Every structure is written in C-alpha cells, then in structure tokens.
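Examination of the molecular architecture
One-letter residues, chain by chain:
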Amino acid sequence: MYSTILALWALIHPGAPTLPDAPAIAAAIDAAVASDPAAPFTGSREGDTAVLAYYALRESWLSIHAVGDGGRSCGAVQIKCELARGLDVTGQMRLWLRLVHASSLGAVDSSKARAANRQRKALALLAKVQSP
C-alpha cells in the first residue's frame, strides 16, 4: 500500500510525496493498517489506508512533528498532545486507528460532517489510484 499512499497524495498535490517526512509517514500508515487487529472501519484495509493517508496530508501537511490547535494537537494526524507524546510516527498511526475503532472518525475530527466528507474524498481518490 506504500505506493498507493504516495499516488493518493500526488493526486491531491504533485509535490506531496516529495515532502521530507512523506516516506516515513507512508511507511507508518502502511505498517499500522497492515498490523491493525480490528476489522477495517471502511470495510477494507485499502480504504482505511486511504482515509488515514488523507488525514495525514490534511492535518499536518505530512509533518511528523506538527503542532496545532494552540499546542493541543500533535503529530502527523494531529492527535491530542497528551495522547501522542512519546509515540513515534507508527505509534501515532496505530493510536489514530484505535481511536477510530473505539468510536468513529468523529473521535479524531472535531466535525462529524468534515469526517464523513474526508472519508468520501479519500475513498474516491483511492478508486482513481486503483483504476487502470
């Protein structure tokens, strides 16, 4: 799925896959989704990968050490800093997945409507990447 993640990002912005942290974030997403013990929240591992990749781009512009929301959100997918503190990028991705599985995308997004819209967009991008 690593190459799929890079292709998905390239559809959003051609330079995204070349950002300094992009390779590490893509590898972390790939590893986290592949080892996730829970059933995919989108119905497929590919779908979960696409949504997580979309969030990483939109939340931090692919920066592992991003800090936002006045210092309350940290990391590539902008998790509450007190939860993300001390986690490497793969740990951040695994935590993001656990939070989503425990509740919904609403657990990682302040807007349920935006979360649903982001999932729709990510899955549409995935379909473009997968089409011949």
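Structure shown above.
A brief structural summary. None of the values given here were measured: they were computed from a predicted structure.

Turning our attention to the side chain of Thr4. Summarising the element assignment, Thr4 is placed in helix α1 (residues 2–12). The class for Thr4 is buried, based on a relative accessible area of 17%. For Thr4, the residues in contact, after removing those within four places along its chain, are Leu126 and Val129.

This paragraph deals with the packing of aromatic side chains. Under the counting rule described, the total for this entry stands at two aromatic pairs. Measuring from centroid to centroid gives 5.3 Å for Tyr55 and Trp96, while their planes differ by 55°, and the two rings are tilted. Residue Tyr55 is found in helix α3 (residues 45–60), and its partner Trp96 is found in helix α5 (residues 89–102); the two are separated by 41 residues along the sequence. You'll find Tyr55 and Trp96 in the same group, each marked buried. The rings of Phe41, Tyr55 and Trp96 are connected pair by pair, giving a single aromatic cluster.

Let's shift gears to the pattern of salt bridges. For the structure on display, the rule yields three salt bridges. Close ionic contact of Glu59 with Arg118 constitutes a salt bridge, the shortest N to O distance being 2.5 Å. Residue Glu59 is located in helix α3, and its partner Arg118 is located in helix α6 (residues 112–130); the two are separated by 59 residues in the primary sequence. Residue Arg118 is classed as buried on the basis of its relative accessible area of 11%. A salt bridge links Asp109 to Arg114, with the nearest nitrogen and oxygen atoms 2.7 Å apart.

This part takes up α1. Given 3.6 residues per helical turn, the α-helix brings residues three or four places apart onto the same face. Listing the buried residues of α1 in full gives Thr4, Ile5, Leu8 and Trp9. For α1, the buried positions fall inside an angular range of 135° around the axis, keeping them on one side. Looking at the buried side of α1, the elements it contacts are α2 (22–34), α3 and α6.

The rules we used
- Residues numbered from 1 in each chain as written.
- Predicted model: local features only at pLDDT ≥ 70, side-chain atom pairs only at ≥ 80, totals over all residues.
- Heavy atoms only, no water.
- Helix = DSSP H or I, 4+ residues; strand = E, 2+ residues; numbered from the N terminus.
- Buried < 20%, exposed > 50% of the residue type's maximum accessible area, 1.4 Å probe, protein only.
- Contact = heavy atoms within 4.5 Å.
- Phe/Tyr/Trp six-rings, centres within 6.5 Å; stacked < 30°, edge-to-face > 60°.
- Salt bridge = Lys/Arg side-chain N within 4 Å of Asp/Glu carboxyl O.
- Arc of directions from axis to C-beta.

In short, geometric facts, not functional conclusions.
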